[in-house]
Amino acid sequence: MKPLAWALLLTAAAHAPTASAYGNAGHQQIGAIADLQLRAAARRQVQSLLGFDLRVAAIWADCVRDAQPDASGGLQSRETAAACAAFDSPAQRERMHDYARRNWSGCDDPPPKGCHSRYHYTNVAYQHLRYDRAYSGTRDDDLVAATHAAIAVLRNRAAPPPFDIRDRTEALLLLAHFVGDLHQPLHVGTVYLDRDGRAFDPDRDALVAEPQADTRGGNLIHDAISNLSLHAEWDQIARALSATSPRQLIGRRSAVPPTSGPIDGWAAQWAGETLRASHSAYAGLSFIADPAAPGRWIAQFPDHAAYWRDKETLQRSEVIKAGTRLAQLLNAIWP
Ligand SMILES: [Zn+2]
């Protein structure tokens, strides 16, 4: 489709909780935690490439997911979601539009919001202990690959296909978001269910023929108590966490140890750790088919209040870890 056939439509509706890991509040808190821990060289690079903080940049990749084809063939910008207002200038709209167009097609089974909307997650069975590209649910355009692609461009290397990252500014906008997604357990780990609602590992059990086996990071599982999908409730962070100052969250000394090995392998390492964290999101639950919606499930909790408390405790540590690691990564790229 020709470039002019796309329009950038920024709508509030697209910012429903399912649209983004941790929602905007979580991503912004992660960015703010990173901002505080940048050293001078990295801070200079961030300001020169973006002109604003990582806290602002952290939601760019979600705001850009509202780029939609326009039947009239024109370019227009409609309503702008309040959280995306920082990007509501002609230059920023042009950048978003251009990114969406370059990353729209070319993937298998393109989703309604374009191929780039798949860059935000990977769907590894939660029973695994590490991320491995050989596992079901991983892709050449999944979250781990997308993070590696953004890192490559920041280091003046080419992004591997299918990613089309125009420049280091775009790479930094993406990275500020993807490192957050990499620390949302349900953006990495999923539960595969057989027809009776029993969890199985598609890489070990011979049940892969189930058409609706993957619950898509809990998007197909409903929690009747919170009235949210399991995925959405893991996207939401507690008000107490979003309202706490990033300085207070970090504490006097960072409790997040540096990641070992070459930078190119960090995203896969982090995904493995987040996958192990996703055990607590699924293990212990049982699932019954949703009579009102074929292919969807209703989760049953042994103790919902305890599940919610444990979720918020884990989210707090993941948010701190994500922000600190984003800073560590940028400090390593720009020593
Ligand atoms: Zn995302």
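Everything discussed here concerns the structure shown above.
Residues numbered from 1 in each chain as written. Predicted model: local features only at pLDDT ≥ 70, side-chain atom pairs only at ≥ 80, totals over all residues. Heavy atoms only, no water.

Moving on, we get to the overall build of the protein chain. On a plain count of helices and strands, the protein chain comes out with 14 helices and 10 strands. Buried positions account for 56% of the 335 residues belonging to the protein chain. Sequence separation of 24 or more characterises 72% of the internal contacts of the protein chain that already satisfy a separation of 6 or more. Carbon and sulfur atoms make up 52% of the accessible area of the protein chain, which amounts to about 14500 Å² in all. (Helix = DSSP H or I, 4+ residues; strand = E, 2+ residues; numbered from the N terminus. Buried < 20%, exposed > 50% of the residue type's maximum accessible area, 1.4 Å probe, protein only. Contact = heavy atoms within 4.5 Å. Areas by Shrake-Rupley, 256 points an atom, 1.4 Å probe, with all protein chains shown as cover.)

Here the focus is the coordination of the zinc ion. Protein-derived coordination of the zinc ion comes from His120 (ND1), His177 (NE2) and Asp181 (OD), at a distance range of 2.1 to 2.2 Å. All donors of the zinc ion belong to a single chain; written as a sequence motif, their spacing is H-x56-H-x3-D. Within this pair, whereas His120 is found in the loop between helix H5 (90-102) and strand E3 (124-125), its partner His177 is found in helix H7 (residues 168-181), the two being separated by 57 residues in sequence. Residue class for His120 comes out buried when judged on its relative accessible area of 2%. (Donors = N, O, S within 2.8 Å, 3.2 Å for Na, K, Ca; no water.)

Let's shift gears to the state of the cysteines. Counted according to the given criterion, the structure contains 2 disulfides. Cys63 shares a disulfide with Cys84; S-S distance 2.0 Å. Sign of the S-S torsion, about -90° for the bond between Cys63 and Cys84, identifies this disulfide as left-handed. With Cys63 in helix H4 (residues 60-63) and Cys84 in the loop between strand E2 (67-69) and H5, the pair connects residues that are 21 residues apart, well separated along the chain. Each member of the pair, Cys63 as well as Cys84, is classed as buried. Disulfide pairing is shown between Cys107 and Cys115; the S-S distance is 2.0 Å. The chirality of the disulfide connecting Cys107 with Cys115 is left-handed, given an S-S dihedral of about -90°. For Cys107, a relative accessible area of 12% translates into the label buried. Since its relative accessible area comes to 3%, Cys115 is described here as buried. (Disulfide = S-S within 2.5 Å.)

Purely geometric numbers; function is a separate question.
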